[in-house]
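# Chain and residue survey
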Amino acid sequence: MTDKPRIRVNQKGSVTAINGVMIDGMANVITGLGRANAKSAATKYWPEVDTGERDNAYRASTWYGKIVRIPAADAVREWRAWQADKEQIEAIEAEEKRLGVRQTVYNALLTARHTGGAAILVGGLPGATTEPLALDRIGRRSIKYLAVLGRDEITPGQIIRDPQSPWYGQPERWTLSQEQGGSVEIHPSRVVLLNGRTVPGALRRTGQIWGDSIWVQMADSVRATDNVAAVIDALLQEAKVDVVRIKDLVRHLASGSAEQEYISRWTMVAMLKSISNILMLDGDDEWDQKQVTWSGLPEVAQTLLTVMAGAADIPVTRLTGEQQTGLSGSDSGSLRNYYDHIRSVQELEYTPALQPLDEMVIRSALGNRPDAVWYQWNPLWTPSEKEQAEVDKLEAEAVDIYARTGLVPQDALAEMTQNRLIESGSWPGAETAYNAAKAALEAPEVTEGEEDSSAIEVREG
């Protein structure tokens, strides 16, 4: 006979200790909930570090490769809109195109998400690679190339832990191994780091600068989703099985002489059934069919897919390419939430990480660094034609109200309205048309009988 548990109860009737063990939450003695023998108490989290399995999953898994690529592709899909003078914008965009900045950032994001980190090496910068980069020495087209390096190609040195250092949290140097042997040391000001998923405070506690691959987070849910698809595929092969009962089959097969005869016989039966849809049996034979019951399997598969999509922060619609059904027949809400999430990652993570690269690219494009040059990420969500028409109508009504009430000076209101139409992109050719109209208004008028000084013909003396 086992001893009864010793339970301590406070004045409110709540359990505070069981067998001398303090309980600071809910507990149930019968089920074990809240006690050391609860089934969930044995659950522990251990990060996956098998790089071979991770790479194989990227190649072979139905889902993992898409989970790596989709957010990275969406982050750079619409790219950025530079804000500056027209000539400056054209020069910066041309430099980005020459260096392949957009494609480089995309490849770096892919590498960081898959392996846990990536570094962009900026080549052709002035000065020795071991010295801090002097930004004011960067001239036009100084940057020669951009190279994406994985964490197995470039090695960080000792982490700078001085908070007053401009390179706090960066390695004192990066070491790049060369194929012909030897290595090159590079100052952190010449390398742009795009990291994987990092644990808050891990750098301070462990000194490990690299983050984690998303495989660490996604491994279990990806395996489960792939496995349930494999199970359904295997069941499809057994969806309908013919069962034939033959009198004295075991005894006949035991003699060994009838084996080939049975094989030939049932091969012929199967062929006749396939050709003429007629099954011919001996009088003592019995035939039946067994079919797999699919009840519940689609729901299980959908649940696992939803869990995996939630872990990846990607809507099922975006992950599968299939429109989700519902009362509204639309999944625009989840897509908008997803695009808002991408936008927050762009602004909170990618913009600070890419700032060193942007500073270099601006100087390589313009030869200097104007203070008024900046950019914003273009929106990912594009309204439908109907939604855009409604927005245009509301804005036109607002402009009409401001014009009639005189709240905004007419010249300022006209310029703001023109800028809004140009920036919205909903009126193709608006900027060109405005510039042409402005130039026509500013051109001097030529009265009748008066010669245009710009068209005076030069005659020889």
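Residues numbered from 1 in each chain as written. Predicted model: local features only at pLDDT ≥ 70, side-chain atom pairs only at ≥ 80, totals over all residues. Heavy atoms only, no water.

Helix and strand counts for the chain stand at 14 helices and 13 strands. Expressed as a percentage of the 461 residues in the chain, the buried residues total 29%. The contacts of the chain with a sequence gap of at least 6 include a subset with a gap of at least 24, amounting to 61%. Split by element, the accessible area of the chain, about 30,500 Å² in all, is 53% carbon and sulfur. (Helix = DSSP H or I, 4+ residues; strand = E, 2+ residues; numbered from the N terminus. Buried < 20%, exposed > 50% of the residue type's maximum accessible area, 1.4 Å probe, protein only. Contact = heavy atoms within 4.5 Å. Areas by Shrake-Rupley, 256 points an atom, 1.4 Å probe, with all protein chains shown as cover.)

This part takes up helix H6 (residues 215–237). An ideal rise of 1.5 Å per residue puts 33 Å on 23 residues; H6 measures up with 31 Å between its terminal C-alpha atoms. Where H6 bends most, at Ser 221, the angle is about 30 degrees. Every buried residue belonging to H6 is among Trp 215, Met 218, Ala 219, Ser 221, Val 222, Thr 225, Asp 226 and Val 228, and all of these are buried. The inward-facing, buried residues of H6 contact helix H1 (51–60), helix H2 (64–77) and helix H9 (297–312). (Expected span 1.5 Å × (residues − 1). Bend = angle between axes of the 7 residues up to and from the residue.)

Attention now moves to the sheet that holds strand S9 (residues 183–186). The pairing of strands in a sheet comes from backbone hydrogen bonds and takes either a parallel or an antiparallel form. In spatial order, the strands read S7-S8-S9; together these three strands make up an open sheet with antiparallel pairing. Only two strands of the sheet have a single neighbouring strand rather than two, namely strand S7 (154–156) and S9. The average angle at which neighbouring strand axes cross in this sheet is 25 degrees, direction not considered. With three bridges joining them, S7 and strand S8 (residues 174–177) adopt antiparallel strand pairing. Of the residues in S8, the one forming a bridge with Thr 155 is Thr 175. (Pairing = 2+ DSSP bridges. Axes fitted to C-alpha atoms, helices over the stretch in contact; angles between N-to-C directions.)

Moving on, we get to the packing of H2 against helix H4 (residues 101–115). Contact geometry of H2 with H4 gives a least axis separation of 9 Å together with a crossing angle of 145 degrees. The handedness of the crossing between H2 and H4 comes out as right-handed. Seen from H2, the contacting residues are Tyr 64, Ile 67, Val 68, Arg 69, Pro 71, Ala 72, Ala 73, Ala 75, Val 76 and Arg 77; seen from H4, they are Arg 102, Val 105, Tyr 106, Leu 109, Leu 110, Arg 113 and His 114. Here the residues of the contact of H2 with H4 sort into 12 nonpolar, one polar and four charged. (Left-handed = near helix turned anticlockwise from the far one by under 90°. Nonpolar A, V, L, I, M, F, W, Y, C, P; charged D, E, K, R; others polar.)

Attention now moves to a negative patch on the surface. Judged by side-chain charge, Asp 85, Glu 87, Glu 90 and Glu 93 come together as a negatively charged surface patch. With respect to the helices, strands and loops of the structure, Glu 87 is situated in helix H3 (residues 86–99). (Patch = residues over 30% accessible without salt bridge, like charges linked within 9 Å, V, L, I, M, F, W, Y side chains within 5 Å. Salt bridge = Lys/Arg side-chain N within 4 Å of Asp/Glu carboxyl O. Lys, Arg positive; Asp, Glu negative; His and termini not counted. Charge placed at Lys NZ, Arg CZ, Asp CG, Glu CD.)

Strand order in the open sheet made by the three strands is S6-S5-S10, with antiparallel pairing throughout. In this open sheet, the two strands that pair with only one neighbour each are strand S6 (145–150) and strand S10 (191–195). Adjacent strand axes in the sheet meet at a mean angle of 20 degrees, parallel and antiparallel pairs treated alike. The pairing of strand S5 (residues 117–123) with S10 spans five bridges and is classified as antiparallel. Bridge pairing in S10 places Ile 120 opposite Val 192. The sheet contacts of H4 involve S5, S6 and S10, and relative to S5 the element is tilted by about 150 degrees. Sitting on the sheet, helix H11 (residues 332–366) touches S5, S6 and S10, and the angle it makes with S10 is about 150 degrees.

Further remarks concern the nonpolar core. Ranked by size, the top nonpolar core spans 60 residues in total, and within it Ile 67, Leu 319 and Leu 357 carry the most contacts. Counting residues in hydrophobic clusters, the runner-up holds 12 residues, among them Leu 149, Ile 154, Ile 159 and Val 191. (Core = buried A, V, L, I, M, F, W, Y, C linked by side-chain atoms within 4.5 Å.)

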